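Tertiary structure, described
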Amino acid sequence: MVISQNTVGAGADPENSRIQHDLPSRNRDPAHMLRQAAGRIPHIGIVGAGVAGLRCAEVLLSHGAKVTVFEGRNRVGGRFCQGKVGEHVVDLGPNWIHGTDNNPILDLAKATNTTTMNWDGRQSVVDALGKYLSDKEATENTEIVWSIIEQAMKHSNEHSATIDPKKSLYNFFEEAVEKRFLDVSDEEAKKKRQTILQMSEMWGAFVGSEIQKQSLKFFWMEECIDGENLFVAGTYKKVLQKIAHPAEQTGIRFECRVKKLVSHSSLDDTDPSVTIEFEDSNGKQDETFDEVVMTAPLGWLKTNLDAFEPALPKRLQEGIGALGYGHLDKVYITFPTAFWNTSNPTEHNPRERRTSTTATSPTIPNVPATTAPVHQLGAADSPVDPSHYAGFTSFIAPAYAASNPTHWNQEAVNLAALPGDTAHPTLLFYTYGATSKHVADIVTQNPDADEQKRALIDFFEPYFSRLPNFEPQNKEHQPSHVLATAWANDELAGYGSYANFQVGLERGDEDVEVMRKGAPERGLWLAGEHTAPFVALGTVTGAWWSGDGVAKRIVQAWKLGEVEKA
C-alpha cells in the first residue's frame, strides 16, 4: 500500500484532483468539439513514431481514419528502443514498468511473454572514500532516506498550495536530518547527516535531474500508479514490435524531419487544417491534414516553438516552457564473466549479501524507479538468487574517482542477477543531470568506437573496480564491450529524456493540463509522456495513455465508428 492518491494539494479543487486525471478512460477535456465535416474519413498526420504516436495511430486506424506517421529516425520507438552490448540485447530507453495496477504496458508484456521481475531490494552502498557500508548501516540509512521521501511526498500532497516554489526536495532533506541523530555526539551526528544527504542524491536517477532541482511544491506529481515497479528483464523489444505493428502495416515515413506546422483555421473554427512542412530524401515537401498530432518530446517542443505557425497560444507556450526536462542516460558495461556475482567475498570486500537492505514501510510512495526500488512490496517473491551480489550499488560522493572531480553519485545495476537466460555479465550504470551530459559528450567527442570505449572505461573504472573479487590484472575482469546512450546530445530526443518538476515551477499541474488539451481549435494536438495522466508522467505507460487519449478525442470529434475486424 502506498500513500493515498486521493490526496491533493491544499486548496485544490477536488474535481481537479489527481485521482480524476488518473482515469484515462474519462475524457474530462473541454474540447469535445464536433467537426463540421463529421461523418467523412479524416486524414490525420502524426509526428513521431514513439509509443504515443504508435498508440495514437493504432486507435485511429481501428476507427477507419486515414493516418500518416512522420518519423525523423530510420526506425520506430523514439527513446523506446533497443541496442546490443556485445551479443546482449538491452533497452536504451525505459527498463521499468511503473506500477502494476491496471497498467496497459504490463498487459502488453504479458501478451508478448516478456520476462519481468521484481528485485529483492538488496543494495550495496560505497561511501565517499570507496569503502562499503555494513549491511546494517546501509539498511538503516536507506530506510531513513525513504522515510524522508515519504514525509516530503505527504507534505507536498497536503500543502502544495502554500509551499514556496523555490524550495527543493533537498531543502526538505536538510531540514529533516537536523531532527535526527540527537542521541549521539555532535561530530557523529554531523557525519551521519552528511551521509544521508549524500545518499539522497540518488533521487536524481529517478527524475533525470539533481535533487537540488526537484520542486517540493510539485513533488506530489512524481507519485506513480499503485503496485510494484517491475524491471523488464527480457527487454521491451517484443512489446515495441506489438505496439508498432498496426502503423507499420500502413507504412511509416522514416527519415522525415518535420520543420514547420502551419495551422489554417476555418471561419467558425470547426474545420481547421494543418500543413506539415518536412524534409526527406527528396528535399523539402509539405502535406496538409485535417488534424495533426505532435508527439515530439517536451525538450524538442522547448527548442522548436518557432516551428508552429501561427505561434502557439500564449498559455500553451508558458506550459511548455515551465516544465523541466531531465537528462537520464545509460552505460552498459559487459565483462567476459560476472566476477562480482559470486558468493566468494575477498579480503577487501568481506561480505556476503544474503540479507535484504530494503525499506518496506507500507506508507512509502510509489515513484519512478530507476535505481533500487527499495520501497516496493513483493521483494520476497523476487527471482533473484540470494547468493548473487546485490542488484544495486550506490557510489555516493566518490572522492576517490579522479575521472569525476565533482564527485557525482553513480548507480549500477547487476544484470548478472537477472532470472534465467535473461542474465548476462553486464553492469548497467544510470547517469543523470550533469553526469549524463558529461557522458553524452564523451560519446559525441569520440566517434571512433575503440576510443569511445576507452574513454568510458576510464570514467567508470573507479566504480566497477570496487566490486567484489575484482583483480586488475585479470583479463576476465576487464570490460569487453561498452554501450552508452547519449540522449542528452540527441536533437530528436529534445536533448534529454523526460519531463520533471523543478524548483521555481508555480503551476505545474495546470501546465500539464494545458499541454494535454493542446490546440484542437486549430487542428493541433499534443501527445507524449509530458501530457499523460499525473500518475504516469515520464513513463512508457504515460506515453501510451496520452496517444490513446488524443486518438479517442479525435474519434469523438469526427464521429468515427470502430472498424469491424475480419
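Scroll up to find the structure this text is about.
About the criteria used
Residues numbered from 1 in each chain as written. Predicted model: local features only at pLDDT ≥ 70, side-chain atom pairs only at ≥ 80, totals over all residues. Heavy atoms only, no water. Core = buried A, V, L, I, M, F, W, Y, C linked by side-chain atoms within 4.5 Å. Buried < 20%, exposed > 50% of the residue type's maximum accessible area, 1.4 Å probe, protein only. Domains from an automatic or database assignment. Contact = heavy atoms within 4.5 Å. Helix = DSSP H or I, 4+ residues; strand = E, 2+ residues; numbered from the N terminus. Polar contact = N/O pair within 3.5 Å; in protein donor to acceptor, adjacent residues only side chain to side chain. Axes fitted to C-alpha atoms, helices over the stretch in contact; angles between N-to-C directions. Parallel < 35°, antiparallel > 145°, perpendicular 65-115°, else oblique. Left-handed = near helix turned anticlockwise from the far one by under 90°. Nonpolar A, V, L, I, M, F, W, Y, C, P; charged D, E, K, R; others polar.

This brings us to the nonpolar core. One finds L60 and M294 to be the most contacted residues of the largest nonpolar core, which totals 114 residues. Looking at this core, you find at least three residues from each of domain 1 (43-78 + 236-323 + 502-558) and domain 2 (119-227 + 328-347 + 357-492). When residues no more than four places from it in sequence are discounted, the contact partners of M294 are V47, L261, W300, L301, F308, L524, W525, L526 and A527. Within the second largest apolar cluster, 29 residues are counted, among which are Y389, A416, I457 and A484.

Restricting attention to buried positions, one finds in helix α3 (residues 104-111) the residues P104, I105, L106, L108 and A109. With a side-chain oxygen lying 2.9 Å from the backbone nitrogen of I105, the N-terminal cap of α3 falls on N103. Taken from the residues just after α3, N113 is the one with a positive phi, measuring 55°.

This part is about the packing of helix α5 (residues 169-177) against helix α6 (residues 186-200). It is the contact of α5 with α6, at a shortest axis distance of 10 Å, that shows an interaxial angle of 160°. Between α5 and α6, the angle is such that the two are roughly antiparallel. The chirality of how α5 crosses α6 is right-handed. Residues Y170, F173, E174 and V177 of α5 touch α6, and the partners they reach there are R193, I196, L197 and S200. Of the residues assigned to the contact of α5 with α6, the class counts are five nonpolar, one polar and two charged.

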